[in-house]
Amino acid sequence: LFDVGHGGGSFTFATARAAIDQGFIPDTISTDLHTYSIAGPVFDMPTTMSKFLHLGMSLEQVIAHSSWIPAKILGLEEDLGTLKPGTQADVTLLRMNRGTFPLYDCVGQMEEASRLLLSVHTIKHGHLSTIGPTVQ
């Protein structure tokens, strides 16, 4: 299994593009968010997801590889990554902005994306919260 684990030193557009162009897409997409990557180049999960949209994965693929597939790999697909009645149903509502957005990889390479996902709301344990989107 292959996880992106973006972090502060594990993602470049060149390598990811070459892999995807050869049909090798990540099994799971994660941020590996930590002190040295939260202010860039990772920022947050929607930004990391946006990078894979930019690289040619479909929105459906990006969402599945960021939610249900990781839950399935961990054996938690009956409770996580699903909206089936009786499950935990933690939800993030995303907005897709269209325009021109700079995205950065771990070596400082910037690419302009035409779509950027932003978190708008989360529902966790039945409680709705509004989040201020992270925009770089």
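Now for a look at the structure at hand. (Residues numbered from 1 in each chain as written. Predicted model: local features only at pLDDT ≥ 70, side-chain atom pairs only at ≥ 80, totals over all residues. Heavy atoms only, no water.)

**A word on unusual backbone geometry**
Peptide bonds are mostly trans, and most non-glycine residues show a negative phi.
Part 1: Residue Gly40 is joined to Pro41 through a cis peptide bond whose omega torsion reads 15°.
Part 2: With respect to the element layout, Pro41 can be found in the loop between helix H1 (13-21) and helix H2 (45-54).
Part 3: Even without being glycine, Asp32 reaches a positive phi, approximately 50°.
Part 4: Even without a glycine there, the phi angle at Phe43 is positive, about 70°. (Helix = DSSP H or I, 4+ residues; strand = E, 2+ residues; numbered from the N terminus.)

**Observations regarding the sheet that holds strand E3 (residues 127-130)**
Part 1: Ordered in space as E1-E2-E3, the three strands form an open sheet in which the pairing is antiparallel. The sheet is open, and its two borders are formed by strand E1 (91-104) and E3, each paired with just one other strand. With strand direction ignored, the average angle separating the axes of adjacent strands in the sheet is 30°. (Pairing = 2+ DSSP bridges. Axes fitted to C-alpha atoms, helices over the stretch in contact; angles between N-to-C directions.)

**Remarks on the packing of aromatic side chains**
Part 1: This model, assessed by the stated rule, comprises three aromatic pairs.
Part 2: Consider the rings of Phe11 and Phe13, whose centres lie 5.3 Å apart with planes at 75°: the pair is edge-to-face.
Part 3: Given the relative accessible area of 3%, Phe11 is considered buried.
Part 4: Three or more aromatic residues link up through ring pairs in this structure, and these residues are Phe11, Phe13 and Phe52. (Phe/Tyr/Trp six-rings, centres within 6.5 Å; stacked < 30°, edge-to-face > 60°. Buried < 20%, exposed > 50% of the residue type's maximum accessible area, 1.4 Å probe, protein only.)

**Focus: the pairing of E1**
Part 1: Bridging between E1 and strand E2 (residues 110-124) involves twelve bridges; their strand directions are antiparallel. Bridging across to E2, Tyr104 finds its partner in Met110.
Part 2: Between the antiparallel neighbours E1 and E2 lie five residues, among them Gly108 with a positive phi of about 85°.

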